[in-house]
Amino acid sequence: MELKVPEGFGLGLRYSFAEDVLTSERSPRWFEIAPENWMGRGGFFKRVLHGVRERFPVVCHGLSLSIGSPDEPNYEFLKELKEFFREFEIGVYSEHLSFSSMEGDYLHDLFPLPFTEGMVKHVSEKIERVQDFLGMPLILENISYYYVPLKGMEEWEFINAILEESSAYMLLDVNNVYVNSVNHGYDPYEFIDRLPLDRVAYVHIAGHERGDRILIDTHGERVKEEVIKLLIYLLSKRPDLPVLLERDNNIPPYEELLEELEEIKGACDAQRVV
Ligand SMILES: [Fe+2]
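This structure is a prediction, so every number in the text was calculated from the model and none was measured. (Residues numbered from 1 in each chain as written. Predicted model: local features only at pLDDT ≥ 70, side-chain atom pairs only at ≥ 80, totals over all residues. Heavy atoms only, no water.)

**Q** For this particular structure, what's the right way to read the overall build of the protein chain?
**A** Counting its secondary structure elements, the protein chain contains nine helices and 12 strands. A compact globule built from 274 residues would reach a C-alpha radius of gyration of about 19 Å, and the protein chain, at 18 Å, matches this within 12%. For the protein chain, the C-alpha atoms occupy an extent of roughly 50 × 45 × 40 Å along the three principal directions. Of the roughly 12800 Å² that the protein chain leaves accessible, carbon and sulfur atoms contribute 48%. Looking at charge distribution, the protein chain has the averaged site of its 28 positive side-chain charges lying 3 Å from that of its 50 negative ones. (Helix = DSSP H or I, 4+ residues; strand = E, 2+ residues; numbered from the N terminus. Rg over C-alpha atoms; globule rule 2.2 N^0.38 Å. Areas by Shrake-Rupley, 256 points an atom, 1.4 Å probe, with all protein chains shown as cover. Lys, Arg positive; Asp, Glu negative; His and termini not counted. Charge placed at Lys NZ, Arg CZ, Asp CG, Glu CD.)

**Q** What should I look at first to understand a nonpolar patch on the surface in this one?
**A** Nonpolar side chains collect at one region of the surface, where Tyr146, Tyr147, Ile214 and Ile216 lie side by side and expose about 370 Å² of accessible area between them. Residue placement: Tyr147 occurs in the loop between β7 (138-141) and α5 (155-165). (Patch = residues over 30% accessible without salt bridge, like charges linked within 9 Å, V, L, I, M, F, W, Y side chains within 5 Å. Salt bridge = Lys/Arg side-chain N within 4 Å of Asp/Glu carboxyl O.)

**Q** When you look at the pairing of strand β3 (residues 58-61) in this model, what are you seeing that I'm missing?
**A** In regular strands, side chains alternate between the two faces of the sheet. Of the two faces of β3, the one holding Val58 and Cys60 and the one holding Val59 and His61 are both buried throughout. Relative to β3, strand β2 (residues 30-33) is paired through three bridges, and the arrangement is parallel. Paired with Phe31 across the strands is Val58, a residue of β3. Viewed along the sheet, the connection from β2 through helix α2 (residues 43-55) into β3 turns out right-handed. Running through helix α3 (residues 75-87), the crossover from β3 to the neighbouring parallel element strand β4 (residues 93-96) is right-handed. (Buried < 20%, exposed > 50% of the residue type's maximum accessible area, 1.4 Å probe, protein only. Pairing = 2+ DSSP bridges. Right-handed = clockwise from strand over helix to strand, strands pointing away.)

**Q** Teacher, can you tell me more about the sheet that holds β3 here?
**A** Two strands in a sheet stick together by hydrogen bonds in their backbones, pointing the same way (parallel) or opposite ways (antiparallel). Read around the barrel, eight strands follow the order β1-β2-β3-β4-β7-β8-β9-β12 and close on themselves; strand pairing throughout is parallel. Neighbour-to-neighbour, the strand axes of this sheet turn through a mean angle of 30 degrees, independent of strand direction. In this structure, β7 lies alongside strand β8 (residues 169-173), joined through three bridges in parallel fashion. Bridge assignment links Glu141 to a residue of β8, and that residue is Leu171. Most of the contacts of helix α9 (residues 254-271) go to strand β1 (residues 9-12), to which it runs at about 150 degrees, and overall it touches β1, β2, β9 (200-205) and β12 (243-245). (Axes fitted to C-alpha atoms, helices over the stretch in contact; angles between N-to-C directions. Contact = heavy atoms within 4.5 Å.)

**Q** What is the right way to read the side chain of Glu32 from this model?
**A** Mapped onto the fold, Glu32 is located in strand β2. Polar contacts involving the side chain of Glu32 include one to the side chain of Tyr202, which spans 2.6 Å. The residues touching Glu32, leaving out its near neighbours within four places in the chain, are Leu11, Gly12, Leu13, Val59, His61, Ser94, Tyr202, His204, Leu244 and Glu246. (Polar contact = N/O pair within 3.5 Å; in protein donor to acceptor, adjacent residues only side chain to side chain.)

**Q** In this structure, what is going on with the coordination of the iron ion? I would like to understand it.
**A** Ideal values for angles at a metal depend on the geometry: 109.5 degrees with four tetrahedral donors, 90 or 180 degrees with six octahedral donors. Protein ligation of the iron ion involves Glu141 (OE), Asp173 (OD), His204 (ND1) and Glu246 (OE), the donor distances falling in the range 1.9 to 2.4 Å. Coordination geometry of the iron ion: the four donor atoms subtend angles of 83 to 171 degrees at the metal centre, consistent with an arrangement described as irregular. Overall, His204 belongs to the buried group, its relative accessible area being 0%. (Donors = N, O, S within 2.8 Å, 3.2 Å for Na, K, Ca; no water. Tetrahedral: all angles 85-135°; square planar, octahedral: opposite > 155°, others 65-115°.)

As structure tokens, then:
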């Protein structure tokens, strides 16, 4: 299935500045939204999203697919999602390599999957069913996690196995790689080297905080220097990769996010190996 992710640097769209996007003279190249935050809403939300969509490419990054849960895909939800994609002409859908529901109950968090052969098979089969239903490819993101329920293999082996067994693409979150590498004691550069980078569709960057003993993936801070360095390393291997800045908490004004995005882009351009 063909995949067309917009090029260049994009920004996660939030309610707090969505209207500013329609009037500002500056902008990122594209936006990402969580479809669950915009689906089934009229009035302000629908008007603003149509306005954004008329001006910019928009991709969707979902929260509740729960690809790793033992349940069947929620076809009612997928039907609504498909209708939403049709209305706003959205052709790119990413989700998380995690689970967030059990037997129909939604847990409102992203939980790590056991890194096992059985889970590789389960997720890979479910990916194909979701893709067939939606008629579009699925892009799955490496999440940040603080424990692993069962470790039959390393995370990079788990991701490789799923990408081998299924036709999904990967959303590579560089901040998540960095946070996990510190919390679980591995080299983030080697981790990136071990991934099938030709299957990466786009990249996430975000901020984290330093806790007492671990790094915490807050998405509420500016992107840290170490994460930008890792991004530059990744782009030296795949200079064409689109990059998306996520900010989910402690959201500053639109102009401030654009400044940060411009600085990150500048740092990457200065180092970019073309
Ligand atoms: Fe992310």
